[in-house]
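Here are the chains, one letter per residue:
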Amino acid sequence: MAPMSELTRDTFGADFTWGVAHASYQVEGAWAADGKSRSIWDTFTHRKGKIRDGSNADVACDYYHRYRADTDLVAELGFNAQRFSVSWPRILPDGVGRVNQAGLDFYSRLVDANLERGIEPWVTLYHWDLPQVLEDRGGWVNRDIVGWFGEYVARVVEVLGDRVTNWMVFNEPCSFIHGGYLSGYHAPGRRGLLKALAATHHVNLCQSVGAETIRAGVANANVGTTQIITPMRTEADTPAHRRAAAVIDAFTNRIFLEPNAGLGYPVDVSPFIRPVERYMKNGDEQAMEVDWDFIGVQYYCRLLVKPVPIPGLWGVPWPSRDHRQFDVSGMGQEIQADGLYESLQRVNDLPGNHRLVVTENGVTVPDRLVDGRVRDIRRVAFYQDHLAEVARARADGMPVDGYFCWSLMDNFEWAEGYTARFGLTYVDFDTQERTVKDSGRWFQQFLTGKGARS
Ligand code: IFM
């Protein structure tokens, strides 16, 4: 593999997309402005004890009001794409039916702000902020959501489809289903295997409803979705370890990747997956198949899996900090760049002609603003190492044609609140002042040849 010092922007080709990513609830704030209704995250964060620092995203980065200046920053740093998500409760405050024009207007202005600066907007339709009114009707556990979601997507596409080409249906189904419906660690805070399996199936059906609705409304659409890919490792190579890793892998990766690729659910791997069949109707297996233009690969870490004493049934993912051989992020995630290559390869190996885009990759490290500067050298090294893996994947023939940093700026990190900073830009959440970190300047230098700090 070529060391990063030998890589330049040109290594990735002239058509490569260089972007930054963020999500509505994490940055927008304006939680009750201009006709928006509550999302499940508004409800969840306003409950005691759910968020590590007791915070919420009522204001967050105030991107709803500052998106123009923030989009200037995207351009200044040399990126040519900005990935953002649409908040369903801004568009349809009742979940379905009545349209909130002010909500649509916001995203329309945001799209224009990108295009005026020569930045391609990449739109995610769902990044976890379900309208609370729909959660009250069962949320992702209720199969009616397939129709609700189709209606929502159609409303967004009608307005943005004349200017937006690049679409992603979901952000990381595994994260919001496992967090929201299995462990209850994320909104809406429900717990239970059957709830999680029902939600998984409905999301998989919505993947194809979303893709079809976009294609019906947008000429030349580039249609994808995003998946978090978590490679599994074991401490030892025993049958019990391998079995545990296979079960966790099926639950975490395969159950979300394979149905859309026409491979069905991996029900034979574990009796904990088979109950998903309770939620399937005739024709669902075909209905879930999607011919993606691209699949967005999101990679943060690998997991170390240990078997637990229920022979052959289950395993436990275990953060690698026990392992002591890898650096770990501020959230205890193993930093191991070749896991990105492995993740790309895995998605590339699925049936279909999809291209690959790294739609999220980034790290939280303990940032400190000292004398107007954040010297986040570990984040710079992280990006260099991971970009080298993208270059390696391309050199080996994988069709990877874009890379999005998570994230443009520090923002609300779900249950971690504001304790975990992922940005290329430091945000002072009291004043809303932005300070580009050394990692942002490194990207600027890499992408434009100007601006790096010594
Ligand atoms: O902040 C999240 C994002 O919303 C989804 N992917 C992982 C990021 C970092 O944890």
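Right above here is the structure, for reference.
Computed from a predicted structure; not experimentally measured. (Residues numbered from 1 in each chain as written. Predicted model: local features only at pLDDT ≥ 70, side-chain atom pairs only at ≥ 80, totals over all residues. Heavy atoms only, no water.)

Draft legend 1. Inspection of the overall build of the chain at higher detail. From N to C terminus, the chain includes 14 helices and 13 strands. Computed over its C-alpha atoms, the radius of gyration of the chain comes to 21 Å, within 12% of the 22 Å expected for a compact globule of 454 residues. Overall, the C-alpha framework of the chain stretches about 55 × 55 × 45 Å when taken along its three principal axes. The proportion of buried residues among the 454 residues of the chain is 61%. For the chain, long-range pairs separated by at least 24 residues make up 75% of all intrachain contacts whose partners lie at least 6 apart in sequence. In the structure as shown, the chain presents an accessible area of about 17,000 Å², 47% of it carried by carbon and sulfur atoms. With 48 positive and 58 negative side-chain charges, the chain shows a separation of 5 Å between the mean positions of the two kinds. (Helix = DSSP H or I, 4+ residues; strand = E, 2+ residues; numbered from the N terminus. Rg over C-alpha atoms; globule rule 2.2 N^0.38 Å. Buried < 20%, exposed > 50% of the residue type's maximum accessible area, 1.4 Å probe, protein only. Contact = heavy atoms within 4.5 Å. Areas by Shrake-Rupley, 256 points an atom, 1.4 Å probe, with all protein chains shown as cover. Lys, Arg positive; Asp, Glu negative; His and termini not counted. Charge placed at Lys NZ, Arg CZ, Asp CG, Glu CD.)

Draft legend 2. Summary view of the sheet that holds strand 5 (residues 222–228). Strand order in the closed barrel formed by eight strands is 1-2-3-4-5-7-10-11, with parallel pairing between adjacent strands. Within the sheet, the average angular offset between the axes of one strand and its neighbour, ignoring direction, is 25 degrees. In this sheet, strand 2 (residues 81–85) lies alongside strand 1 (residues 17–21) in parallel orientation, the contact comprising three bridges. Bridge pairing in strand 2 places Val20 opposite Gln82. On top of the sheet, helix 9 (residues 193–217) reaches strand 3 (120–126), strand 4 (166–170) and strand 5; it is set at about 155 degrees to strand 4, its chief contact. Helix-sheet contacts for helix 13 (residues 377–395) involve strand 1, strand 7 (294–299), strand 10 (355–361) and strand 11 (400–406), and the interaxial angle to strand 11 is about 165 degrees. (Pairing = 2+ DSSP bridges. Axes fitted to C-alpha atoms, helices over the stretch in contact; angles between N-to-C directions.)

Draft legend 3. Quick look at the side chain of Asn222. With respect to the helices and strands, Asn222 occurs in strand 5. With sequence-adjacent residues up to four places away left out, Asn222 is seen in contact with Trp122, Thr165, Asn166, Trp167, Asp293, Phe294 and Arg355.

Draft legend 4. Region of interest: the pattern of salt bridges. Scanning the entire structure with this criterion turns up 34 salt bridges. A salt bridge links Arg143 to Asp284; the shortest N-O distance between them is 2.9 Å. On the criterion of sequence distance, the pair formed by Arg143 in the loop between helix 6 (132–135) and helix 7 (145–160) and Asp284 in helix 11 (residues 284–287) is long-range, its members being 141 residues apart. (Salt bridge = Lys/Arg side-chain N within 4 Å of Asp/Glu carboxyl O.)

Draft legend 5. Helix 14 (residues 438–448), seen in detail. With nine of eleven residues buried, helix 14 is to be regarded as a mostly interior element. Within helix 14, the full set of buried residues consists of Asp438, Ser439, Gly440, Arg441, Trp442, Phe443, Gln444, Phe446 and Leu447. Those residues of helix 14 that are buried lie in contact with strand 1, helix 3 (63–76), helix 13, strand 11 and strand 13 (433–436). Two residues or fewer past helix 14, Gly449 is found with a positive phi of approximately 80 degrees.

Draft legend 6. Summary view of the packing of helix 8 (residues 173–182) against helix 10 (residues 239–257). For the pair helix 8 and helix 10, interaxial distance at closest approach is 10 Å and the crossing angle is 125 degrees. By the criterion of interaxial angle, the relationship of helix 8 to helix 10 is oblique. Where helix 8 crosses over helix 10, the two elements pack in a sense that is right-handed. Note on element contacts: helix 10 touches helix 8 through Phe251, Thr252 and Phe256, opposite Pro173, Cys174, Ile177 and His178. Of the residues in the contact of helix 8 with helix 10, the class split is five nonpolar, two polar and no charged. (Parallel < 35°, antiparallel > 145°, perpendicular 65-115°, else oblique. Left-handed = near helix turned anticlockwise from the far one by under 90°. Nonpolar A, V, L, I, M, F, W, Y, C, P; charged D, E, K, R; others polar.)

Draft legend 7. Summary view of the site of the ligand. Lining the immediate environment of the ligand, one finds Gln26, His127, Trp128, Asn171, Glu172, Tyr300, Glu360, Trp406, Glu413, Trp414 and Phe422. In the model, an oxygen atom of the ligand is placed 2.8 Å from a nitrogen or oxygen of the His127 side chain. A distance of 2.7 Å separates a nitrogen atom of the ligand from a polar side-chain atom of Glu172. A breakdown of the residues in the shell around the ligand according to their chemical character gives five nonpolar, three polar and three charged. (Near = heavy atom within 4 Å. Polar contact = N/O pair within 3.5 Å; in protein donor to acceptor, adjacent residues only side chain to side chain.)

Draft legend 8. Structural view of the nonpolar core. In terms of nonpolar packing, the biggest core is built from 138 residues, with Trp88, Trp140, Trp167 and Phe443 touching the most fellow members. If you tally residues by element for this core, the top one is helix 7, at nine residues. (Core = buried A, V, L, I, M, F, W, Y, C linked by side-chain atoms within 4.5 Å.)

Draft legend 9. Highlighting the pairing of strand 3. Among the seven residues of strand 3, six are classified as buried, and the element is accordingly described as predominantly covered. Inspection of the sheet shows strand 2 paired to strand 3 by five bridges, in the parallel sense. In the strand pairing of strand 3, Gln82 is matched with Pro121. Sheet analysis places strand 3 next to strand 4, joined by four bridges and oriented parallel. Bridge pairing in strand 4 places Val123 opposite Trp167.

Draft legend 10. Region of interest: unusual backbone geometry. A cis amide bond links Ala187 with the next residue in sequence, Pro188, at an omega value of 5 degrees. By secondary structure assignment, the location of Pro188 is in the loop between helix 8 and helix 9. In this structure, Ala30 is a non-glycine residue whose phi angle is positive, near 45 degrees. Mapped onto the secondary structure, Ala30 falls in the loop between helix 1 (24–27) and helix 2 (40–45). Ala30 gets classed as buried once you look at its relative accessible area, which sits at 11%.

Draft legend 11. Representation of the pairing of strand 2. Of all five residues that make up strand 2, five are buried, and the element is covered over most of its length. The side-chain alternation of strand 2 yields two buried faces, one formed by Ala81, Arg83 and Ser85 and the other by Gln82 and Phe84.

Draft legend 12. Expanded view of the environment of Phe443. By the element assignment, Phe443 lies in helix 14. You can call Phe443 buried: its relative accessible area is 0%. Each C-alpha atom, one on Phe443 and one on Cys405, is 9.9 Å from the other, the two residues being 38 residues apart in sequence.

Draft legend 13. Structural view of the packing of helix 3 against helix 5 (residues 101–116). Contact geometry for helix 3 and helix 5: axes closest at 9 Å, N-to-C directions at 10 degrees. Compared by their axis directions, helix 3 and helix 5 come out roughly parallel. Note on element contacts: helix 5 touches helix 3 through Ala102, Phe106, Arg109, Leu110, Ala113 and Asn114, opposite Tyr63, Tyr64, Tyr67, Arg68 and Thr71. Taken together, the residues of the contact of helix 3 with helix 5 sort by class into seven nonpolar, two polar and two charged.

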